[in-house]
Amino acid sequence: ASLLATWLEVHGTPEEKLRWKFAELMRAAERGQTEEVARLLEHRDLDLHATDTMYGDGMYGPYEDLSPIGLAAIKNRIDVMQVLVRAGADLNISAVLQNGATPLMLATWNGSSEAVQWLLDQGADWRSVHPKTGKNALGMALERDHSEAASLLATWLEVHGTPEEKLRWKFAEL
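Residues numbered from 1 in each chain as written. Predicted model: local features only at pLDDT ≥ 70, side-chain atom pairs only at ≥ 80, totals over all residues. Heavy atoms only, no water.

S.K.: Would you mind showing me how to read helix H5 (residues 78-86) here?
M.R.: Side chains three or four residues apart in an α-helix point the same way, a direct result of the helix having 3.6 residues per turn. Turning to H5, its buried residues number three or more, namely Val80, Met81, Val83 and Leu84. Viewed end-on, H5 has its buried residues packed into an arc of 160°, placing them on one side of the element. Here the buried face of H5 lies against helix H2 (14-31), helix H3 (34-40), helix H4 (68-74) and helix H7 (113-122). Phi for glycine 88, located one or two positions after H5, is positive at around 110°. (Buried < 20%, exposed > 50% of the residue type's maximum accessible area, 1.4 Å probe, protein only. Helix = DSSP H or I, 4+ residues; strand = E, 2+ residues; numbered from the N terminus. Arc of directions from axis to C-beta. Contact = heavy atoms within 4.5 Å.)

S.K.: I tried to follow unusual backbone geometry on my own but got confused; where do I start?
M.R.: Most peptide bonds are trans, and most residues other than glycine sit at a negative phi. Although it is not a glycine, asparagine 76 adopts a positive phi angle of roughly 65°. One can find asparagine 76 in the loop between H4 and H5. Owing to a relative accessible area of 26%, asparagine 76 belongs among the partly exposed residues under this scheme. Its identity is not glycine, yet aspartate 145 carries a phi of approximately 60°, on the positive side. Its location among the elements puts aspartate 145 in the loop between helix H8 (137-143) and helix H9 (147-160). Aspartate 145 gets classed as exposed once you look at its relative accessible area, which sits at 66%.

Right, here's the structure in full:
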C-alpha cells in the first residue's frame, strides 16, 4: 500500500477512506486489474453504482461522472465488467449517472467493440435512448463513425428488433 493509503487508514475519516477505496476501484477498473477490483469489492460499503463525482468533485481525472462499469466499458475491460456484474453492478445503470449514458452507450461512443458485444450478450438495453442527445447506442456509433460497433448493433437490431424498429432503421438508412 502507498504511504497515503496507510496514512488514510490510520488517520482518515470514514468518508476519506471510502473516497480513497472508490478511487482505487476506478484505477483498477481502468487498468484491467480484475483481482484488485475483486479485492476492493470485498469492502461492502462501496457503492457499485456511484460515480466519482458522487464521492467528491470528480476526483478521478479525465473520466468524471462515471461508474466503475461505465469506465470498464469505455476501456474495453470485459474481465472487469464480469467481476462487477457478479458483484451486482447494473448493466443498464441509471441514465441520471454518467451524463445520461449507459455502459453500452459509453462503449459504443469509444469504439470498444468487444465491450459492445459482451454487453449485448449479457442483456444490456440496446433500445435505451440518451436523455440529452435522443440517440441510442447505434445512433452514437454512426455519429462517431465506429463502423464495427455500428455493425454489431445493426446486426443485433436485425435479430432482436421489432418489425417497426427494423422498418424505422431501414427508413433512417435512406
